[in-house]
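Residue-level structural notes
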Amino acid sequence: FGSARSGKDDPNPRHPYLWSRDRRIDLQRSGVLLYRLLTGEHPVKDNPPLTRRRLKPDIPQSFVEAIMRVVSDSDPFPDALTMLKALEDGLRKKR
């Protein structure tokens, strides 16, 4: 048996202190995951032009714009449905 743990040292991801109170943070995390899946790298928060350049040129620009908005701190999507619609619309458009 292990000892019970609580507080910030608890590595259990189901622990309540890790739950996001603001769902926009969860959306941003999903955007970072999507970005990493496309580029293999983490977005550079302090250098959006470098972050944008890492995305392949064959990805539609409107999809790139949606991804950049997802990983941005300044203009978050209000909810997951709005984010998903923007990403889908971005994939449908041709540059």
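Read on for a plain summary of the structure. Per-chain numbering applies: the sequence of each chain, read as written, is numbered from 1 onward. Totals for whole chains, interfaces and linings use all residues, but because this is a predicted model, local features are given only for residues with pLDDT of at least 70 and pairs of side-chain atoms are given and counted only at 80 or more. Computation of side-chain values covers all heavy atoms of the structure but excludes hydrogens and water.

A 1.4 Å probe that fits but cannot get out identifies a cavity on a 1 Å grid over protein atoms alone, an open set with protein on both sides within 12 Å along at least five of seven lines counts as a pocket, and a residue lines either if it has an atom within 4 Å of a point. Grid points are joined across faces, edges and corners, and a volume is the space filled by probe spheres set on the points. Put simply, the largest pocket is a space of about 180 Å³. Taken together, P43, V44, K45, P48, T51, R52, M68, V71, S72, D73 and S74 form the lining of the largest pocket. Under the DSSP-based scheme used, a helix requires at least four consecutive residues in state H or I and a strand at least two consecutive residues in state E, with every element numbered from the N terminus. Sorting the residues of the lining of the largest pocket by element identifies α2 (48–53) and α3 (61–71) as the ones contributing at least two each. By residue number, the principal contributor to the lining of the largest pocket is α2, which donates three residues.

One finds M83 and L87 to be the most contacted residues of the largest nonpolar core, which totals 15 residues. Residue contacts are defined here by distance: any two heavy atoms, one from each residue, within 4.5 Å place the two residues in contact. Excluding residues that lie within four positions of it along the chain, L87 makes contacts with L34, F63, A66 and I67. Nonpolar cores are built from buried Ala, Val, Leu, Ile, Met, Phe, Trp, Tyr and Cys residues. Side-chain atoms within 4.5 Å join them into one set. Each residue's exposure class comes from its accessible area (1.4 Å probe, protein chains only) as a fraction of the maximum for that residue type: buried when under 20%, exposed when over 50%, partly exposed otherwise.

Attention now moves to the packing of α3 against helix α4 (residues 80–92). Taken N-terminus to C-terminus, the directions of α3 and α4 make an angle of 155°; their axes are 7 Å apart at the nearest point. Considering their axes alone, α3 and α4 lie roughly antiparallel with respect to each other. Relative to α4, the crossing made by α3 is left-handed. In this structure, α3 uses S62, F63, A66, I67 and V70 to contact α4, whose residues at the interface are M83, A86, L87, D89, G90 and L91. Looking at the contact of α3 with α4 residue by residue, the classes come out as eight nonpolar, two polar and one charged. Helix axes use the C-alpha atoms of the stretch in contact, all axes being lines fitted to C-alpha atoms, and the angles between their N-to-C directions lie in the range 0 to 180 degrees. Angles are sorted into four bins: roughly parallel if under 35 degrees, roughly antiparallel if over 145, roughly perpendicular if 65 to 115, and oblique for all others. Crossing handedness follows the turn of the near helix against the far one: under a right angle anticlockwise gives a left-handed crossing, and clockwise gives a right-handed one. Each residue gets one label: Ala, Val, Leu, Ile, Met, Phe, Trp, Tyr, Cys and Pro are nonpolar, Asp, Glu, Lys and Arg are charged, and the others, such as Gly, are polar.

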